[in-house]
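# Observations on chain architecture
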Amino acid sequence: MKVDRRSFLGLGIGAVAGIAISPVGAKLTDDFSIWTQNWPWTPVPPDGEVSYDRTVCHLCPGTCGISVRKIDDRPVKIEGLDSYPVNNGGVCLHGIAGLQYLYDPSRVKSPLKKINNRFVPISWDEALTLVGDRLGELRNDQNPEALACITGSDQGSVPGLFNHFMAAFGSPNYLTMPDLESWLVRTAKTLHGDAYTLGFDIDHSDFILSFGAGLIDGWGSPVACIQAMGNRRQRQATLVQIEPRLSNTAAGASQWIPINPGTEADLAMGMCAVLLKENRFDPVFAQGFKGGFMRFTAMVQKEYPLDKVAGVTGISAADIQKTAVAFAKAKMPVALPGKGRGEGAQNLKEFAAVHTLNCLSGNVNKQGGTFVKPLPKYLNFPDPVQDAVALKGAAAAPLAGSVQELVTRIDKSGESPVKALLVYNANPCFALNDPFRILAAFEKIPFKVCVTSFMDETAMASDVILPVSTFLERMEDVPSKAGLAATVVGLSKPMVKPVFNTRSPGDVVIGMARALGGDMAKSFAWDSYDACLEQVTARIWGPLVRKGHVVLSENPPAGSVETDFEFLAENPVTVKPAGDLEFTLIPIDYFRVPPTVPAPSPFAIKTVSDRILRGTDMFVEINPQSAKNLKDGGFATLTTPAGSVPVRVHFNDGIMPGVIGMVKGLGHTLDNRYVSGKGVNINALISPKIEPNSGMDAAFGIKAGISKA
């Protein structure tokens, strides 16, 4: 048997998938539960009665059900929960390492206040009084809109409480980090109207056209995607992966089509032109095509002819034609947007163009296709009590539509329009492009409060830290998201009492409102977050408690949906990588290293390949054809318009010539010696480029140079 690079990588992918669906995962978790006893900060539990309890992991957007093994009520092991509708018994390496986060060296153990650039512990009463006093000054000054809030997501009751807090306070400046779910909601709003999101029935599709979605590299709900890819061959489903690099997903695909970085939107528009020119679109679904369809049809025929698209993307006209036709001929095709994990800098034009392929195929709200489904409506918050100050502030125009836009607004202002900032479950000072610019903007904000479990880069830049319990220490509703076809709400329950002096984030919000007093306190009249959760989820609370989850929807949405082409008919500008250097630097989403909150566990860092990270040295991938005088394993200097860093070189035939790849999620500077100082944060090498139509950062890569050190 010939084992070439492609088949070798395929075997590796099988191993990755096998961790989620085979007994190997159980063996690894056994080994891991033993191994963790050797970490110096992890207590060794004594012998005792063994029991199991179920909860939901929310370390990532995957929202997997998990089973926690306990000895005398002390959690000692995590496994996937059988029959949970999202992951069906599977679990990823981050999930099985979830116990480490209880004792992580970077845990914030009590409320902290920064004095003379050093954090000192304070009591909860002192912390909440301090926050209440400083925020109260804004309301006393009739300037509540000067408060801004950034959360990692807007899904679930805890983000709902922060939103409720901002409404009662009187500020419209509530923002979330750019994750896959937020891009899908934005895309659905552009093409189908408000209150929708997109789900993809990958499990039943017979033709998956992926525009760089890392289906076994962390895209969407990772375990669910790995399981879907595991049974894809049995279903004889085709996967066409389009991206500049032979990722794990591309290596396991039916076909890998390399594409010039940043031209995915042009390719999708070119494929739309093919389908429209050859009348290969669904005439029944087309009855719902509304504004701008004829203009869109004429525009793509004129602006995206095959030869032009081929020149831009680096894909032959024949391959574009062949792939578009094969997609249209499939019985249950689905096109997936979102490069890598689909988080961070993406662009609306690309998402909209890719989803338009779904609309033209007509496989919308059908098995194996795309679900245009309503946003979950299971939460019912009471209206906030708003006084005159709040009503005036809430009516003001928002300062920005995205975190990067807000940073730009602050950056260009002599005096920051934001006087106080709340950050919850987000680390913009690491996870967004040009983190130094973000840190500089933070410096201009007089008062910053970080609600977090860990001392990450954003917490370190704050004035007050309010520590919250981890997902194993608190109760919370956990809605599924990130492109799943089904909509599931799970109930995360405390598996252990808080290890440190922390609180539920919901109780922190309620505490801040009480500290402010007056009408703010009236808007948060619950005795505790648990009481709030029971009230706002009253519609599903009973089955949620009994079963641990509720399936809100799992079948294709009923009824037709209209499609508006006005946005794409205007042919919005395609955002290109900035600069004029020889190479294009692109981020690589690597499943073992999450680029967002929380930072990788020490266990996850130990599993990183030494062709990515060796000691503290960071490797970049480059095709040998582009290497010139560089040496495999040798040292080099990588330069972009945003800066230069020392790196080491890894020759990889599976990356396109002219492209440099660097893994995302390394290079932390947080307070954790097992994670910090290892590698380079690629975000520091990429300057944001705001997409005019969306207001979002669309800089997925940047032009770069590399020279021998």
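What counts, and at which threshold
Residues numbered from 1 in each chain as written. Predicted model: local features only at pLDDT ≥ 70, side-chain atom pairs only at ≥ 80, totals over all residues. Heavy atoms only, no water. Helix = DSSP H or I, 4+ residues; strand = E, 2+ residues; numbered from the N terminus. Rg over C-alpha atoms; globule rule 2.2 N^0.38 Å. Buried < 20%, exposed > 50% of the residue type's maximum accessible area, 1.4 Å probe, protein only. Contact = heavy atoms within 4.5 Å. Areas by Shrake-Rupley, 256 points an atom, 1.4 Å probe, with all protein chains shown as cover. UniProt positions renumbered as here; feature names shortened; annotations may be inferred. Pairing = 2+ DSSP bridges. Axes fitted to C-alpha atoms, helices over the stretch in contact; angles between N-to-C directions. Parallel < 35°, antiparallel > 145°, perpendicular 65-115°, else oblique. Left-handed = near helix turned anticlockwise from the far one by under 90°. Nonpolar A, V, L, I, M, F, W, Y, C, P; charged D, E, K, R; others polar. Core = buried A, V, L, I, M, F, W, Y, C linked by side-chain atoms within 4.5 Å. Domains from an automatic or database assignment.

### Here's the deal with the overall build of the chain
- Looking only at helices and strands, the chain has 25 helices and 26 strands in total.
- At 25 Å, the chain has a C-alpha radius of gyration in line with the 27 Å of a compact globule built from 709 residues.
- Considering only C-alpha atoms, the chain reaches an extent of 70 × 55 × 55 Å along its principal axes.
- Counting only residues that meet the buried cut, the chain has 61% of its 709 residues in that class.
- Restricting the contact set of the chain to residue pairs at least 6 apart, pairs at least 24 apart contribute 74%.
- When the accessible surface of the chain is summed, it comes to about 26700 Å², and 52% of that surface belongs to carbon and sulfur atoms.

### Considering the UniProt feature "domain: 4Fe-4S Mo/W bis-MGD-type" (unreviewed entry) in the chain
- UniProt records the feature "domain: 4Fe-4S Mo/W bis-MGD-type" (unreviewed entry) at residues 50-106, using the numbering of this structure.
- Along residues 50-106 one finds 7% helix and 37% strand; the C-alpha atoms at either end are 29 Å apart.

### Things to note about the pairing of strand β23 (residues 635-640)
- A one-sided burial pattern is seen for β23, the buried positions being Ala-636, Leu-638 and Thr-640 and the unburied ones Phe-635, Thr-637 and Thr-639.
- With 6 bridges connecting them, β23 and strand β24 (residues 643-651) associate as antiparallel partners. Bridged to Thr-639 within β24 is Ser-644.
- The turn joining β23 and β24, which pair antiparallel and follow one another in sequence, is formed by 2 residues.
- Here β23 pairs with strand β26 (residues 702-708) via 4 bridges, running antiparallel. Within β26, the position partnered with Ala-636 by the bridge is Lys-708.

### A word on the packing of helix α10 (residues 264-277) against helix α14 (residues 348-361)
- Where α10 contacts α14, the axes come no closer than 8 Å and their chain directions differ by 25°. Put simply, α10 runs roughly parallel to α14. Crossing angle aside, the handedness with which α10 passes α14 is left-handed. Taking contact as the criterion, the partners of Glu-264, Ala-265, Asp-266, Ala-268, Met-269, Met-271, Cys-272, Leu-275 and Leu-276 in α10 are, on α14, Lys-349, Glu-350, Ala-353, Val-354, Thr-356, Leu-357 and Leu-360.
- For the contact of α10 with α14, the class distribution of residues is 11 nonpolar, 1 polar and 4 charged.

### Observations regarding the nonpolar core
- Among the nonpolar cores identified, the biggest contains 94 residues, and Ile-202, Leu-209, Leu-215, Ile-242, Phe-296 and Leu-357 are the most heavily contacted of them.
- Examining the composition of this core, we find that 9 residues originate from one element, α10, more than from any other.
- Two domains each provide a minimum of three residues to this core, namely domain 3 (202-368) and domain 4 (583-708).
- Setting aside chain neighbours within four positions, we find Leu-357 in contact with Leu-209, Phe-211, Ala-268, Met-271, Cys-272, Leu-275, Phe-327 and Ala-335.
- Counting residues in each nonpolar core, the second largest holds 49 residues, with Leu-135, Met-166, Met-520 and Leu-544 among its members.

### Brief notes about the sheet that holds strand β11 (residues 255-257)
- Strands sit in the order β11-β10-β9-β12 across an open sheet of 4 strands; the sheet is parallel. Every other strand in the sheet has two partners, leaving β11 and β12 (333-336) as the edge strands with one partner each. For this sheet the average axis-to-axis angle between neighbouring strands, irrespective of direction, equals 15°.
- Here 3 bridges tie strand β10 (residues 238-242) to β11, and the two strands are oriented parallel to one another. Across the sheet, residue Val-240 finds its bridge partner in β11, namely Gln-255.
- Those strands touched by helix α13 (residues 317-329) are β9 (207-210), β10, β11 and β12, and its axis lies near 135° from that of β9.

### With respect to the sheet that holds strand β18 (residues 487-492)
- Across the sheet, 3 strands lie side by side as β17-β18-β19; this open sheet has antiparallel pairing. Edge strands, defined here as strands with exactly one partner in the open sheet, are β17 (476-479) and β19 (549-553). When the angles between neighbouring strand axes are averaged without regard to direction, this sheet yields 20°.
- Here 4 bridges tie β17 to β18, and the two strands are oriented antiparallel to one another.

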